[in-house]
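# A look at the structure
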Amino acid sequence: MITVSGISKSFKVARRSSGFGSAFKSLFRREYTEVAALSDVTFSIGPGEIVGYIGPNGAGKSTTIKVMSGILVPDGGTCSIMGYTPWLDRVQYVRNIGVVFGQRSQLWWDVPVIDSFELLRDIYDVTEKEYRSNLELLTDTLDLGDLLRTPVRQLSLGQRMRCEIAASLLHGPGILFLDEPTIGLDAVSKIAVRKFISAINKEKGVTVILTTHDMSDIEALAQRILLIGKGKLLYDGDLAAMRAKYGAAEGGETGGGSAIEEALVNMYKEYEIS
Amino acid sequence: MRLFGKYLLILFKSQMQYRTSFWLLTFGQFFIPFSVFAGLYMLFDRFGQIQGWEFFEVALVFGVIHMAFAVSECLARGFDMFSTLIVNGDFDRLLVRPRSTVLQVLGSKFEFTRFGRLLQSLIVLIWALSKVEADWTLMKGVTLLFMIASGVMIFTGIFIVIATMCFWTVQGLEIGNILTDGGREMAQYPLNIYHKWITRFFTYVIPFGCVNYLPLQYILGRTEGSGVPYMLAPLAGCLFIVPCLLLWNFGVRRYRSTGS
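Residues numbered from 1 in each chain as written. Chains lettered and ligands numbered in written order. Predicted model: local features only at pLDDT ≥ 70, side-chain atom pairs only at ≥ 80, totals over all residues. Heavy atoms only, no water.

## Some details on the overall build of chain A
If you tally the helices and strands in chain A, you get ten helices and nine strands. In terms of C-alpha radius of gyration, chain A reaches 20 Å, essentially the compact-globule figure of 19 Å for 274 residues. By principal-axis analysis of the C-alpha atoms, chain A measures approximately 55 × 55 × 40 Å. Buried positions account for 51% of the 274 residues belonging to chain A. Long-range pairs, those at least 24 residues apart, make up 71% of the contacts in chain A with a sequence separation of at least 6. (Helix = DSSP H or I, 4+ residues; strand = E, 2+ residues; numbered from the N terminus. Rg over C-alpha atoms; globule rule 2.2 N^0.38 Å. Buried < 20%, exposed > 50% of the residue type's maximum accessible area, 1.4 Å probe, protein only. Contact = heavy atoms within 4.5 Å.)

Pasting the structure below:
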């Protein structure tokens, strides 16, 4: 369903040393350093999988999501998702995916949620019948009933995130990209979001790619994890194996985190990416 | 087009959440060009005419240009404010939706408060039309509409070009205002009162001349020979938007390959 092979991407970052002189100089001539955000990333994901995509900040998670959702064009490599190359057939391709950026809203801030949903229906050209049934399912499972008539700016973060996820599924996509969907949520909302992701995966067979820093998200949802660090894919395998390998290895020091987080820290250490 | 209407509806609902601010801004927008127009009036009151142009003839040009500017500021506000879309990352969001970026950027913002400006220019236009000496025919009426429509295209084109620059610099360029505000201030007078090089620039590079000076000759019956080329001049103005859109698409491609 998703095949990513040999994707690489580098950014030019303007570099200058501190001080007024160099700030002034940079007005005219800038020095750039190439930073490899992704180098030779290869993996494939089958239909109906939930994959946790993890790695420290700046490892390249978001860049990968952006490449896979057609926002960015990589420097090299190929990517085929449901038969499309995301960056070539952008308009056709994005009809089949849903994207949630945890840090950014896709809803119209000042109007009731339902207005945003209806505009999205028109943007995605969803038929009335499909829209009705999707909306009904989403309203029930995410418990949106009362929220739909509330302006987005009056929602709490947890309520908003539920609406965001609903918004990205209105057109019935086969793949859902979630970029830190539980960031900043309280325990109740987190669990509601997790439950929903798992339900939509089971009932509708939606493939989910999830990035997060919260290992309990991964533990609750993903059977398989991809670990990326400094732009390289370091680990691709199932969660249980990772825990078995790294979890007990250095059982001596407990930093107070849960077992899974410790396993991750050990893993970061081994790959020297922390 | 229908979708654009839906975009407008939701933006209008948003705007209505802030009613007081809406009315104050609309009121303000009514009076800004009004003061400019008052200046124009006093100028003519003192000097009678400029290069053979009477007050109401100039007022007609003023009305057309300000109307075009107001309409395009309403419509193309998304491009005018495009740098914010880039800076807070909302442009990424547009790229994961199955619609053209141009439509989505246009639909991202619509400045309803510019109706004040629109109303003001409409009043000036109607006043000028009732006083100006011309034999009105259907063709002249059509030409007048062309002038406004073409003016909208040109201003929108400029907004698009300036927005495209954001793909390279991220920050909006104040230099763009030279072309939009400056262009508007220049083009509210018939172009032949300026130096040759200014006239040329605003005829061949940014074709404001095609929306005011040339067709105005036709409306006022001052053309020698056939009036058709003069009448069609605004259409040439419309073509201005084509390279602007091409440049835009080039910019979007660059954005997607640099991610800056």
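From this point, the discussion proceeds with the structure in view.
## Some words on the environment of B:Gly183
Residue and element names in this part refer to chain B. Mapped onto the elements, Gly183 comes out in helix α10 (residues 175-187). By relative accessible area, which is 0% here, Gly183 ends up buried. Residues Gly183 and Ile206 lie 23 residues apart in sequence; the distance between their C-alpha atoms is 8.6 Å. With residues up to four places along the chain from it excluded, the contact list for Gly183 reads Ile178, Phe202 and Phe208.

## Side note on the environment of B:Thr113
Residues and elements named next belong to chain B. Assignment of secondary structure puts Thr113 in the loop between α7 (101-108) and α8 (115-131). In this structure, the C-alpha to C-alpha distance between Thr113 and Phe22, residues 91 residues apart in sequence, is 6.1 Å. Ignoring sequence-local partners within four residues, the contact set of Thr113 consists of Gln15, Phe22, Leu25, Thr26 and Gln29. A distance of 3.1 Å separates a polar atom in the side chain of Thr113 from a polar atom in the side chain of Glu111. (Polar contact = N/O pair within 3.5 Å; in protein donor to acceptor, adjacent residues only side chain to side chain.)

## Considering helix α1 (residues 2-16) of chain B
In an α-helix there are 3.6 residues to a turn, and that puts residues three or four apart on one side. Across its 15 residues, α1(B) extends 21 Å between first and last C-alpha, which sits within 8% of the 21 Å expected from 1.5 Å per residue. For α1(B), the full list of buried residues reads B:Leu3, B:Phe4, B:Tyr7, B:Ile10, B:Leu11, B:Ser14 and B:Gln15. One face of α1(B) carries all of its buried residues, which in axial projection span an arc of 145°. The secondary structure elements touched by the buried residues of α1(B) are α4 (113-124) of chain A together with α2 (19-47), α3 (55-75) and α7 of chain B. (Expected span 1.5 Å × (residues − 1). Arc of directions from axis to C-beta.)

## Considerations on the packing of aromatic side chains
Overall, the coordinates contain 34 aromatic pairs over all chains when judged by the stated rule. Ring geometry for A:Trp108 versus B:Tyr7: centroids 6.4 Å apart, planes at 55°, classification tilted. Within this pair, whereas A:Trp108 is found in the loop between β5 (97-101) and α4, its partner B:Tyr7 is found in helix α1, the two belonging to separate chains. Geometrically, the ring pair formed by B:Tyr41 and B:Phe55 is edge-to-face, given 5.2 Å between the ring centres and 80° between the ring planes. In this pair, B:Tyr41 sits in helix α2 while B:Phe55 sits in helix α3, placing the two residues 14 residues apart along the sequence. Every member of this aromatic cluster is reached through a ring pair, and the members are B:Phe37, B:Tyr41, B:Phe44, B:Phe55, B:Phe56, B:Phe62 and B:Trp127. (Phe/Tyr/Trp six-rings, centres within 6.5 Å; stacked < 30°, edge-to-face > 60°.)

## As for the pattern of salt bridges
Counted according to the given criterion, the structure contains 24 salt bridges over all chains. The partner of B:Lys6 in a salt bridge is A:Asp122, and the shortest N-O contact between them spans 3.0 Å. In this pair, B:Lys6 sits in helix α1 while A:Asp122 sits in helix α4, so the two residues belong to two different chains. For B:Lys6, a relative accessible area of 26% translates into the label partly exposed. (Salt bridge = Lys/Arg side-chain N within 4 Å of Asp/Glu carboxyl O.)

## Quick notes on the pairing of strand β6 (residues 175-179) of chain A
Residues and elements named next belong to chain A. For β6, the buried fraction is high: five of the five residues fall into the buried class. Of the two faces of β6, the one carrying Ile175, Phe177 and Asp179 and the one carrying Leu176 and Leu178 are both buried. Where β5 and β6 come together, five bridges link them in parallel fashion. In the strand pairing of β6, Val100 is matched with Leu178. Two strands pair when backbone bridges link them, and β6 and strand β7 (residues 207-211) are joined in this way by five bridges, in the parallel orientation. Across the sheet, Leu178 pairs through a bridge with Leu210, a residue of β7. For the crossover from β6 across helix α7 (residues 187-204) to β7, the handedness is right-handed. (Pairing = 2+ DSSP bridges. Right-handed = clockwise from strand over helix to strand, strands pointing away.)

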